[in-house]
Structure formats: structure tokens, C-alpha cells
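# Close look at the chain arrangement
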Amino acid sequence: MHHILFICLGNICRSCTAEEIFRTLAIQQGVEKQFQIDSAGLIDYHEGELPDHRMRSHASRHGYQLTHRSRPITEADFSRFDLIVAMDEANRSRLLQLAPTEAAKQKIIMMASYLRHHPEADTIPDPYYGGPEGFELVINLLEDACATLLATLTNAPSTTNEE
């Protein structure tokens, strides 16, 4: 079983959406039992809150129901998860600081490194302070990257809505 933790700053936009997109793709491919999937944030400001209402609205239009409650990452997460997936370089840098061991640091990967159909993107940008197009972009990027990550972990061809 693969244990995957998606991380962004507050766990109300990107990481919770990545969690749901990855879960949905795994269910669609019948491999959900191979994964334990969760998300967390680097700050506890939104702890216990549902995802941002704008992200929930945009995700719903794509068929995703975001019900995760925000939580901050814990030291135990570095032991519990095989992969800790950062949405941007600032997230990655902070995770590297928080990682309690060298082995834990090796678990940290970048979500954007799994993008196949967006060669211009090197990060999953935070849509929080932008408009609707930012939320749509994040969903499109996450669908692409999650499909590739899932295919990588299951040794299956990746498929996205863009193919």
C-alpha cells in the first residue's frame, strides 16, 4: 500500500483538491485499496475548516466533492507516509526544514514534477488571492499531475481529461 500526503500552505485549496482528485482517479481505475491518501497544511490557521468555498465550487463543477477538514502536518506524518507531495517550492523548503530525519526528507516530492500536459508549469500555484481562473488552473494542473503520479505508482498508462 502507498501512503501519500499532499501538502500546501493552509490545506484549504491545493492539497485537499489533490487528495480528492487522486482518490477519484484511483477509484475510477479500481486501485483505491492500494492507497492511503490524506492532505495537510504547513500552518494551522484553517485547522478544522472545510476547503475554501471557491475551490469547493470549482471542484464540484468538475465532479469532485471536497469534504476534507484542514489540518496541519505533524512530525508523525513523516513516518506514516511514503510520499509527501509539495505544491510549490516554498512548501518544499518548509517541509525540508520540518523533516525530522534524512530519510524523511527523501519522501518529499514536487507535485509539478508529474505534469505531462503543462510543460510551462513548474509549480501548482496558490489560487487563494486570485480570481476564478486560478482555481480552474489548479484543478487542471492537479488532474494532469495526479494522473501521472497514479500511473507511476501503479505502473499503468496515465490518462487525463486532456487526452
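Please refer to the structure higher up on the page.
Residues numbered from 1 in each chain as written. Predicted model: local features only at pLDDT ≥ 70, side-chain atom pairs only at ≥ 80, totals over all residues. Heavy atoms only, no water.

## Remarks on the sheet that holds strand β1 (residues 2-8)
The strand order across the open sheet formed by 4 strands is β2-β1-β3-β4, and the pairing between neighbours is parallel. Two strands in the sheet have a free side with no partner beyond their single neighbour: β2 (35-41) and β4 (108-110). Strand-to-strand, the axes of this sheet are offset by a mean angle of 25°, without reference to chain direction. As defined by bridge partners, strand β3 (residues 83-86) adjoins β4 across 3 bridges and the pair is classed as parallel. In the strand pairing of β4, Ile-84 is matched with Ile-108. Against the sheet, helix α1 (residues 14-28) contacts β1 and β2, and its axis sits at roughly 170° relative to β2. (Pairing = 2+ DSSP bridges. Helix = DSSP H or I, 4+ residues; strand = E, 2+ residues; numbered from the N terminus. Axes fitted to C-alpha atoms, helices over the stretch in contact; angles between N-to-C directions. Contact = heavy atoms within 4.5 Å.)

## Some details on helix α2 (residues 53-61)
Every buried residue of α2 is accounted for by Met-55, His-58 and Ala-59. Viewed along the axis of α2, the buried residues span an arc of 100°, placing them on a single side of the element. Residues of α2 that are exposed and point over 90 degrees away from its buried face: His-53 and Arg-61. On the buried face of α2, the contacting elements are α1 and α6 (132-154). The N-cap of α2, judged by a side-chain oxygen 2.8 Å from the amide nitrogen of Arg-54 a few residues on, is Asp-52. Looking one or two places after α2, you find Gly-63, whose phi comes out positive at around 90°. (Buried < 20%, exposed > 50% of the residue type's maximum accessible area, 1.4 Å probe, protein only. Arc of directions from axis to C-beta. Polar contact = N/O pair within 3.5 Å; in protein donor to acceptor, adjacent residues only side chain to side chain.)

## A word on the pattern of salt bridges
Evaluation of the coordinates by the stated rule reveals 11 salt bridges. Where Arg-23 meets Glu-19, a salt bridge forms, and the shortest distance between an N and an O atom there is 3.0 Å. Of this pair, Arg-23 and Glu-19 both sit in helix α1, 4 residues apart, which is roughly one turn of that helix. According to the relative accessible area criterion, Glu-19 is buried, its value standing at 6%. (Salt bridge = Lys/Arg side-chain N within 4 Å of Asp/Glu carboxyl O.)

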